[in-house]
Amino acid sequence: MNGSDEHALGTLVRHWRERALLTQEQLAEKAGLSARTIRRLELGDPHRPRTASLRLLSEALGLNAAERALLTATRPLPPLPLAVRDAAARLRSAWDVGHERGRGDGRCPGPFGRSPENAAP
């Protein structure tokens, strides 16, 4: 999830809080959360909020089913496992090498930097 998505969650929470005519402190008390949690959510803190926290917020704000679904949908995704991030970095690097060698056709070079059509059988 990028920064704008995190701010989307915060914007929604703030909108619904203001619609309910609540301060951050009042919402925190009503939801059983800390004011710091509410503040961090509204400011777009990159940490992924807990499912239970979002449920408590939706109940305290009196959200309808569509709003609850939107709240859940804007929740930041968990970070990818390190192995997946490393594999993606290697693929990006291989793709960059192909472009540096003048291929520029958008295909990754094959094993050992060779294009698949030139690889040994």
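Residues numbered from 1 in each chain as written. Predicted model: local features only at pLDDT ≥ 70, side-chain atom pairs only at ≥ 80, totals over all residues. Heavy atoms only, no water.

**Student:** Describe helix α3 (residues 35-42), and please don't skip the residues or the numbers.
**Tutor:** Here α3 has its buried residues at Ile-38, Leu-41 and Glu-42. Each buried residue of α3 sits inside an arc of 95° when the element is viewed along its axis, so together they form one side. Two residues or fewer after α3 comes Gly-44, characterised by a positive phi angle close to 80°. (Buried < 20%, exposed > 50% of the residue type's maximum accessible area, 1.4 Å probe, protein only. Helix = DSSP H or I, 4+ residues; strand = E, 2+ residues; numbered from the N terminus. Arc of directions from axis to C-beta.)

**Student:** Account for the environment of Arg-19, naming residues and giving values.
**Tutor:** Tracing the backbone through its elements, the reader meets Arg-19 in helix α1 (residues 3-19). When its relative accessible area of 43% is taken as the criterion, Arg-19 is described as partly exposed. Separated by 42 residues in sequence, Arg-19 and Leu-61 have C-alpha atoms that sit 8.8 Å apart. Once residues within four sequence positions are removed from consideration, Arg-19 is found in contact with Leu-61, Leu-63 and Glu-67. (Contact = heavy atoms within 4.5 Å.)

**Student:** I'd like a description of the layout of surface pockets, backed by residues and values.
**Tutor:** In this structure, the largest pocket occupies an estimated 210 Å³ of space. Every residue lining the largest pocket is listed: Ser-34, Arg-36, Thr-37, Arg-40, Leu-41, Asp-45, His-47, Arg-48, Pro-49, Arg-50 and Ser-53. With 4 residues, the top contributor of residues to the lining of the largest pocket is α3. Taken together, the residues that form the lining of the largest pocket break down as 2 nonpolar, 4 polar and 5 charged. (1 Å grid on protein atoms, 1.4 Å probe; cavity = no way out; pocket = protein on both sides within 12 Å on 5 of 7 lines; lining within 4 Å. Points joined across faces, edges and corners; volume = space filled by probe spheres on them. Nonpolar A, V, L, I, M, F, W, Y, C, P; charged D, E, K, R; others polar.)

**Student:** So, the side chain of Ser-58: which residues are in play, and what are the values?
**Tutor:** In this structure, Ser-58 sits in helix α4 (residues 51-61). Within polar-contact distance, the side chain of Ser-58 engages the backbone oxygen of Arg-55 at 2.8 Å. Residues in contact with Ser-58, not counting those within four places in the same chain, are Leu-63, Arg-68 and Leu-71. (Polar contact = N/O pair within 3.5 Å; in protein donor to acceptor, adjacent residues only side chain to side chain.)

**Student:** Let's hear about the nonpolar core: which residues, and what values?
**Tutor:** Nonpolar side chains in soluble globular proteins tend to end up buried together. Core analysis: the largest hydrophobic core is formed by 17 residues, its most contacted members being Trp-16, Leu-27, Ile-38, Leu-57 and Leu-71. For this core, the secondary-structure elements that each account for two or more residues are α1, α2 (24-31), α3 and α4. Sequence-distant contacts of Leu-57, that is, excluding residues within four places in its chain, are made with Val-13, Leu-27, Ala-31, Leu-33, Ile-38 and Leu-41. (Core = buried A, V, L, I, M, F, W, Y, C linked by side-chain atoms within 4.5 Å.)

**Student:** Could you give an account of α2, with specific residues and numbers?
**Tutor:** Those residues of α2 lying buried are Gln-24, Leu-27, Ala-28 and Ala-31. Within α2, the buried residues cover an arc of 100° as seen down the axis, which keeps them to one side. Opposite the buried face of α2, at more than 90 degrees from it, the exposed residues are Glu-29 and Lys-30. One or two positions beyond α2, positive phi appears at Gly-32, with a value near 75°.

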